[in-house]
Amino acid sequence: MKISKTLIEKLIRLRDGEWLPASQLKGCWVDALLSEGALTSKSQGSRRMLHAPDGVAFCRALATVDDRLADLDVFLQSNDFTRADLASQTGNSKLIAVRSCPGFPVNSYQSIACELNGEEFIVNPQEGSFLFVADWQHFNVPEDVVVVGVENMENFRMIRRQQALFEKSVGNEPLLFVSRYPQSSDLRRWLQTIPNRYVHFGDFDLAGINIFLTEFNVHLRHRSSFLIPDDIELRLQNGSAERYQAQYQRFNTLHTGISSVQRLIDMINTFHRCYDQEGYIE
């Protein structure tokens, strides 16, 4: 997500109750906020307009997209110093919003011997917990480990309740689960530095597929794939028609040269329905 002064000003206008043309805000994060209800949309003539019905809820949702957006007014002032710089100069590290906790969460239901800053780092969290890797630039995993990116935090927390799905859909290789929460480019940048296979597990809808294609596959190419369960066709038949309609205008031309993913796109368009990944939590 590229953050500019212009974008921050638009977000502040939304927070303060204004309606903005949808053409002024682009990105998968917009669709995520719409699906969560933090943003709503309506047609006004030939234009689609966006509105934040609850400014406080909108700001909370923005913070999950990117923690730099936790305080829009403060972020607008400046973004050039670290918190340590500010504290040493002013005694107040919260004068501006900066990313004080970079990185991403990791999880596994089996013990995986990784490396962090040159030291052995075992990833095997107790059930009900997960780990957070902040110094991701110095985090390494064995090459035989398959990295599984999980879009929804509920699925990420409950990987043991989906073990049968992963073993059937991904294989018997050791699996390291990662999440983009809070959303930033750290995870994708880390994936670009390692040779491991990457499998993306997200919602089975057009927006979810677009996230995979535009934020991961475009950078990882042949090392990346989209997790498609054997029974997804049956599940799509009982999926959400409302979600499909809400996404259709933006993603109706979605297409890819990856045959398995294109078949999934075709199924979604055939049934006019989407299916949430949470449905695979047993």
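Bear in mind that the values here come from a model prediction, so they are computed numbers and not experimental data.

Reading the values: the criteria
- Residues numbered from 1 in each chain as written.
- Predicted model: local features only at pLDDT ≥ 70, side-chain atom pairs only at ≥ 80, totals over all residues.
- Heavy atoms only, no water.
- Helix = DSSP H or I, 4+ residues; strand = E, 2+ residues; numbered from the N terminus.
- Buried < 20%, exposed > 50% of the residue type's maximum accessible area, 1.4 Å probe, protein only.
- Areas by Shrake-Rupley, 256 points an atom, 1.4 Å probe, with all protein chains shown as cover.
- Polar contact = N/O pair within 3.5 Å; in protein donor to acceptor, adjacent residues only side chain to side chain.
- Contact = heavy atoms within 4.5 Å.
- Axes fitted to C-alpha atoms, helices over the stretch in contact; angles between N-to-C directions.
- Parallel < 35°, antiparallel > 145°, perpendicular 65-115°, else oblique.
- Left-handed = near helix turned anticlockwise from the far one by under 90°.
- Nonpolar A, V, L, I, M, F, W, Y, C, P; charged D, E, K, R; others polar.

(A) Inspection of the overall build of the protein chain at higher detail. Along the protein chain, the regular secondary structure elements total 12 helices and 12 strands. Put simply, the protein chain has 282 residues, and 45% of those count as buried. Split by element, the accessible area of the protein chain, about 14100 Å² in all, is 46% carbon and sulfur.

(B) Spotlight on the side chain of N196. Along the chain, N196 falls in the loop between helix 8 (186-193) and strand 11 (198-201). Residue class for N196 comes out buried when judged on its relative accessible area of 1%. Looking at N196, its side chain comes within polar contact range of the main-chain oxygen of P142, at 2.7 Å. A polar side-chain atom of N196 sits 2.9 Å from the main-chain carbonyl oxygen of V145. Apart from the residues within four sequence positions on either side, N196 is in contact with V141, P142, E143, D144, V145, V147 and R223.

(C) Molecular detail of helix 1 (residues 5-15). Looking at helix 1, one finds that the buried residues are L7, I8, K10, L11, I12 and L14. Note on helix 1: the residue one or two positions beyond its end, G17, has a positive phi of about 100°.

(D) Quick peek at the packing of helix 2 (residues 28-36) against helix 3 (residues 55-65). It is at 11 Å that the axes of helix 2 and helix 3 come closest, and there the two elements cross at 135°. When the axis of helix 2 is compared with that of helix 3, the two are oblique. Of the two elements, helix 2 crosses helix 3, and the hand of that crossing is right-handed. Together, W29, L33 and E36 of helix 2 and F58, A61, L62 and V65 of helix 3 make up the contact between the two elements. Of the residues assigned to the contact of helix 2 with helix 3, the class counts are 6 nonpolar, no polar and 1 charged.

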